[in-house]
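Single-letter residue listing:
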Amino acid sequence: MASRLQGSVLITGANGGLGSAFVSNFVKSIYGSRYRGLYLVRKPSTAHDLNSILESAPASHVSETLSMDLSSLQSIRDLAANINTRVANGTLEPLRAVVLNAAFQEAHAGTLTAKTFTEDGYEAHFGVNYLANFLFTLLTLRSVDKEHGRIILVSSVVHDVHDKGNSTVGAFDKEEYQTVFKETEALAKGIEYTDDGFKAGVRRYGASKTLLVMFMFELQRCLNADQALSGISVLAVDPGLMGGTKLTRNSSMFIRVISQVALLFQDIVVWFRPNGSLRSPKKSGADLLRGAFDEKELGEYPKAVYLNGSEHKVAGKEARDEEKQRKLWIESLKLAGVKEGDTVLKNWN
């Protein structure tokens, strides 16, 4: 079976609203029969949305549902080691695309202080949305297709505090909230706020996305400098606001209701404004798939490209700060416990 496949496509958070929409688009596409799907979830036994999609997938689609807990660095290391071993011995095809989609968000009246932490003691937005992706990427680089591999990071409008799309929430209106990155350790511990719990949660989520975009730029720079890995492209996609996804399950009741209401109208809105603020998981899932494979519009090597849905966009100013990108990289290596031999990337430290 593996001999006819051209590679593997991996996505984290495969059971979520956006993740399952990506899978749905993928299995029905021309790529669905050419590439093995590797669908990462916390608990395969409860991945009901994903399982439903796979049950109706074409018979030509080959897939595996794998367990990984992004709140545990050890769990990340364990699965990465399994993937690397299998790719090395030929029982798993190289990773043509790695879609880092899984995310955590907690924003409500009670989140003036951080409430949830990872197994390793990091604030959950920082640990799950950023540091987990940082470590998993470095560990699995040895298994990524060296000629045309792509790593797709799922971003958000809140990665840029100055984006006018954030004006409704008002989390970044005051100047004191307009600089996200000062010290990595402070973000890792969880910054305490005194004004509004919901806004505080939005800031933590936004900060994790800022760090993720900073990582995109620094990782691409490191890959470009490594001849063996220079064929790998890293890009970020902002999927917009989507109703009915599991991302808002830790938000206030009001936000959860709004999310469900948005679900009723988002397809109509997308028809008029494909890359507007409100989008459907189906549309955004298709945008992730495009990021993974498109060459006609994105080019053969879309390196350090930031996409707002299906259109190019300039990433936030702070996320483009090279000095901060490098500082974050160095400090993240320590927090993630990266050591010699963990990654094939040259000059990683």
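Everything here concerns the structure above.
Residues numbered from 1 in each chain as written. Predicted model: local features only at pLDDT ≥ 70, side-chain atom pairs only at ≥ 80, totals over all residues. Heavy atoms only, no water.

## Brief notes about the overall build of the protein
Our working rule: Secondary structure follows DSSP: runs of H or I at least 4 residues long count as helices, runs of E at least 2 residues long count as strands, and numbering of each begins at the N terminus. The reference for a compact globule is 2.2 Å times residues^0.38; the radius of gyration itself is calculated from the C-alpha atoms. Think of it in three bands: with a 1.4 Å probe and only protein chains considered, a residue is buried below 20% of the maximum accessible area for its type, exposed above 50%, and partly exposed in between. Residues count as neighbours in contact if any of their non-hydrogen atoms are within 4.5 Å of one another. Using a 1.4 Å probe, the Shrake-Rupley method yields the accessible areas, and only the shown protein chains count as cover for residues.
Tallying secondary structure elements over the protein gives 9 helices and 10 strands in all. Expected size for 349 residues packed as a compact globule is a radius of gyration near 20 Å; at 19 Å, the protein falls within 12% of this value. Dimensions along the principal axes, computed over C-alpha positions, put the protein at roughly 60 × 45 × 40 Å. Counting across all 349 residues of the protein, residues that qualify as buried make up 57%. In the protein, the proportion of contacts linking residues at least 24 apart, taken out of those at least 6 apart, comes to 77%. Of the accessible surface of the protein, which amounts to about 15,100 Å², a share of 52% is contributed by carbon and sulfur atoms.

## Some words on the pattern of salt bridges
Going by this rule: Any Lys or Arg side-chain nitrogen located within 4 Å of an Asp or Glu carboxyl oxygen qualifies as a salt bridge.
The final tally for this structure, using the stated rule, is 16 salt bridges. Between arginine 290 and glutamate 297 there is a salt bridge whose closest N-O contact spans 2.8 Å. Several salt bridges converge on common partners, so that one network encompasses Arg36, Glu64, Arg86 and Glu93.

## Description of the pairing of strand E6 (residues 233-238)
Basically, it comes down to this: Any two strands with at least two DSSP bridges between them are considered paired.
Across the 6 residues of E6, 6 count as buried, placing the element largely inside the fold. Burial along E6 is two-sided: Ser233, Leu235 and Val237 facing one way and Val234, Ala236 and Asp238 facing the other are all buried. Where strand E5 (residues 150-154) lies against E6, 5 bridges are found, and the strand directions are parallel. Across the sheet, leucine 153 pairs through a bridge with alanine 236, a residue of E6. As defined by bridge partners, E6 adjoins strand E9 (residues 305-308) across 4 bridges and the pair is classed as parallel. Across the sheet, residue aspartate 238 finds its bridge partner in E9, namely asparagine 308.

## Considering the nonpolar core
Using the following cut-off: The set of buried Ala, Val, Leu, Ile, Met, Phe, Trp, Tyr and Cys residues whose side-chain atoms join them within 4.5 Å is what this entry labels a nonpolar core.
Residues Phe134 and Phe136 are the most contacted members of the largest nonpolar core, which totals 71 residues. The biggest single contributor to this core is helix H6 (residues 197-224), with 13 residues. When residues no more than four places from it in sequence are discounted, the contact partners of phenylalanine 134 are Phe215, Trp329, Ser332, Leu333, Ala336 and Val338. Within the second largest apolar cluster, 30 residues are counted, among which are Phe22, Ala97, Val154 and Leu307.

## What to know about the side chain of serine 155
Inspection of the secondary structure puts serine 155 in the loop between E5 and helix H5 (184-189). For serine 155, a relative accessible area of 3% translates into the label buried. When neighbours within four sequence positions are excluded, serine 155 is seen to be in contact with Lys209, Val213, Ala236, Val237, Asp238, Pro239 and Tyr306.

## Digging into the environment of asparagine 25
One can find asparagine 25 in helix H1 (residues 17-28). Residues contacting asparagine 25, with those up to four places away along its chain left out, are Lys282, Gly285, Ala286 and Leu289.

## Structural notes on the sheet that holds strand E10 (residues 311-312)
To keep it simple, the criterion reads: Inter-axis angles, ranging from 0 to 180 degrees, are taken between N-to-C directions of lines fitted to C-alpha atoms, where helices are fitted over the stretch in contact.
Strand order in the open sheet formed by 8 strands is E3-E2-E1-E4-E5-E6-E9-E10, and the pairing between neighbours is mixed. Each edge of the open sheet carries a strand with a single partner, namely strand E3 (63-67) and E10. As judged from the 5 bridges shared by strand E2 (residues 35-41) and E3, these two strands associate in the parallel manner. The residue bridging leucine 40 from the neighbouring strand is leucine 66, located in E3. Contacts from helix H8 (residues 281-293) reach strand E1 (7-12), E2, strand E4 (95-100), E5, E6 and E9, with the element oriented near 150° to E5.

## A few points about the packing of aromatic side chains
Defined as follows: Only rings of Phe, Tyr and Trp enter the pairing, Trp through its six-membered ring, and a pair is recorded when the two centres are within 6.5 Å. The plane angle decides the type: under 30 degrees is stacked, over 60 is edge-to-face, the rest tilted.
With the rule as written, the count across this model stands at 11 aromatic pairs. Between tyrosine 31 and phenylalanine 293, the aromatic rings sit 3.9 Å apart at their centres with planes inclined by 5°, giving stacked as the arrangement. Pair noted here: tyrosine 31 is in the loop between H1 and E2 and phenylalanine 293 is in helix H8, with a separation of 262 residues, a long-range link. Owing to a relative accessible area of 5%, phenylalanine 293 belongs among the buried residues under this scheme. Arranged with centres 6.4 Å apart and planes meeting at 85°, the rings of tyrosine 130 and phenylalanine 215 form a pair that is edge-to-face. One end of the pair, tyrosine 130, is in helix H4 (residues 124-140); the other, phenylalanine 215, is in helix H6, and 85 residues separate them in sequence.

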